[in-house]
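# An overview of the molecular structure
The chain contents come next:
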Amino acid sequence: MKRCLLTGASGFLGGYIYKTLSNTYEVVSLGRSNADVVADLSNQVPELQGTFDLVVHSAGLAHTVPATPEEEKAFFDVNLEGTRRLCVALEKSGFAGHFVFISTVAVYGCEQGEDIAESHPKNGKTPYALSKIQAEELLEEKAASHGFRLTTLRLPLIVGKNAPGNLQSMSQGIASGRYASIAGGKARKSMVLAQDVATLIGQEHLATGVYNLTDQKNPSFRQLEGIFSAHYGKSVPRNVPLFMAKLLGIAGDILGKRFPINSNTVKKITSNLTFNDDNAVKHLNWNPNSVVDKASEWLN
C-alpha cells in the first residue's frame, strides 16, 4: 500500500484529509501530540522512517490576529520554518514523490475584489500571508532542486462540521441572538467544502501547479444567515443599514478594541471577495459541491 505523510491531521481540514486518504494510503500523521510521528515543526526536525509516495502539509497557524511581536514571529516559526524543517526531514529520507501544500488566498492581500486568479500579485502583508508566501516560494525552490512534484492549493474560507474562524462566529452569534446583518448581507465570499478539498487530494495523478479552490457559487452573507437561522430555529437577523454601519465603524475607530467593529470591518463585511478556480477545473478536474446545497451535511 502507498504511504502518505500528513501534517496537521488533528486540525479541522487535516481531519477530513486523514479520513479520506486512509481509504487508499497508509497515512502516517505528524504533529505535536497524538500523532504517529510526534514533533513540533516550529522548533525541531522530525525523524521519519521509510519513504512516502505523498506528503500533505496541512499544518499551519491561522485564525488569529497577532497582538505582539512574539505572536507575529509565531506565524513564521510555524508556517515558514516548520515547512523548512519538514523539507530537511524529507531530504534525509530521499523523498521524491508528490508534495501537496495547503496555502491560502490571503497571499493575494485582497480585502475586496471579484474573480481573482492565481496570476494576481502576491501582495499579502499580514504575518499569516507573508509566512505562507515565503513557504510557497521555499517549496518551489525545493521541488526544483530535489525533484519532487508540488501542488499548492490556495483556499478561501473552509466549510465543514465545527469549522473555526468567521463561520463559527456567525453561527454562534445567530444561535445566541447577538448577530445583526450588515447592509442586507449582500456581499459574496468565496468558500470551499473541506470534504471536497480532501477528495481532490486523494485523486490519482493530481497535477502539479498552483490552484485556487472555491465552491464556484460564492454564497452571500444573507444566504448563510438564512441557513444558520433555520438550523437554530431563529428569526432571520435584523438588518443594520449601511449608513448606520458606517457610523458604528467610525465609533469603533475612535473607541478602539473596546468596540466590536470599526470602519475596516464594515468595509470587509460589505465588499465582495471572490476567486477564480478555472485553472483547477481545467487541470485538476475540479467539480465542487455548493456550500449552500450541502448545508444539511456540515451543520449536523
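Residues numbered from 1 in each chain as written. Predicted model: local features only at pLDDT ≥ 70, side-chain atom pairs only at ≥ 80, totals over all residues. Heavy atoms only, no water.

## Quick word on the packing of helix 4 (residues 166-176) against helix 6 (residues 221-232)
At a minimum axis distance of 9 Å, the contact between helix 4 and helix 6 shows a crossing angle of 50 degrees. Classified by the interaxial angle, the pair formed by helix 4 and helix 6 is oblique. With respect to the hand of their crossing, helix 4 and helix 6 are arranged in right-handed fashion. Two secondary-structure elements touch here, helix 4 through Leu167, Met170, Ser171, Ile174 and Ala175 and helix 6 through Phe221, Leu224, Glu225, Phe228, Ser229 and Tyr232. When grouped by side-chain class, the residues that make up the contact of helix 4 with helix 6 number eight nonpolar, two polar and one charged. (Axes fitted to C-alpha atoms, helices over the stretch in contact; angles between N-to-C directions. Helix = DSSP H or I, 4+ residues; strand = E, 2+ residues; numbered from the N terminus. Parallel < 35°, antiparallel > 145°, perpendicular 65-115°, else oblique. Left-handed = near helix turned anticlockwise from the far one by under 90°. Contact = heavy atoms within 4.5 Å. Nonpolar A, V, L, I, M, F, W, Y, C, P; charged D, E, K, R; others polar.)

## Some words on the pattern of salt bridges
This model, assessed by the stated rule, comprises ten salt bridges. Residue Glu91 is joined to Lys142 by a salt bridge in which the shortest nitrogen-to-oxygen separation is 3.2 Å. Here Lys142 lies in helix 3 (residues 127-146) and Glu91 lies in helix 2 (residues 69-93), a separation of 51 residues in the sequence. One salt bridge connects Lys268 with Glu111, and the closest N-O pair in it is separated by 3.9 Å. In this pair, Lys268 sits in helix 8 (residues 263-269) while Glu111 sits in the loop between strand 5 (98-104) and strand 6 (113-116), placing the two residues 157 residues apart along the sequence. Its relative accessible area of 36% is what places Glu111 among the partly exposed residues. (Salt bridge = Lys/Arg side-chain N within 4 Å of Asp/Glu carboxyl O. Buried < 20%, exposed > 50% of the residue type's maximum accessible area, 1.4 Å probe, protein only.)

## Structural notes on the state of the cysteines
Per the counting criterion, the structure on display carries zero disulfides. No disulfide involves Cys4; its sulfur sits 15 Å from that of Cys87, the nearest cysteine. Residue classification places Cys4 among the buried residues on the basis of a relative accessible area of 0%. (Disulfide = S-S within 2.5 Å.)

## As for the nonpolar core
Among the nonpolar cores identified, the biggest contains 29 residues, and Leu21, Val56, Leu153, Ile201 and Leu213 are the most heavily contacted of them. Listed by contribution, the elements that provide at least two residues to this core are strand 1 (3-7), helix 1 (12-21), strand 4 (54-57), strand 5, strand 7 (149-155), helix 5 (194-201) and helix 9 (278-284). Looking at which element gives the most residues to this core, the answer is helix 5, with five residues. Ala39, Val55, Leu90 and Leu139 belong to the second largest nonpolar core, which has 23 residues in total. (Core = buried A, V, L, I, M, F, W, Y, C linked by side-chain atoms within 4.5 Å.)

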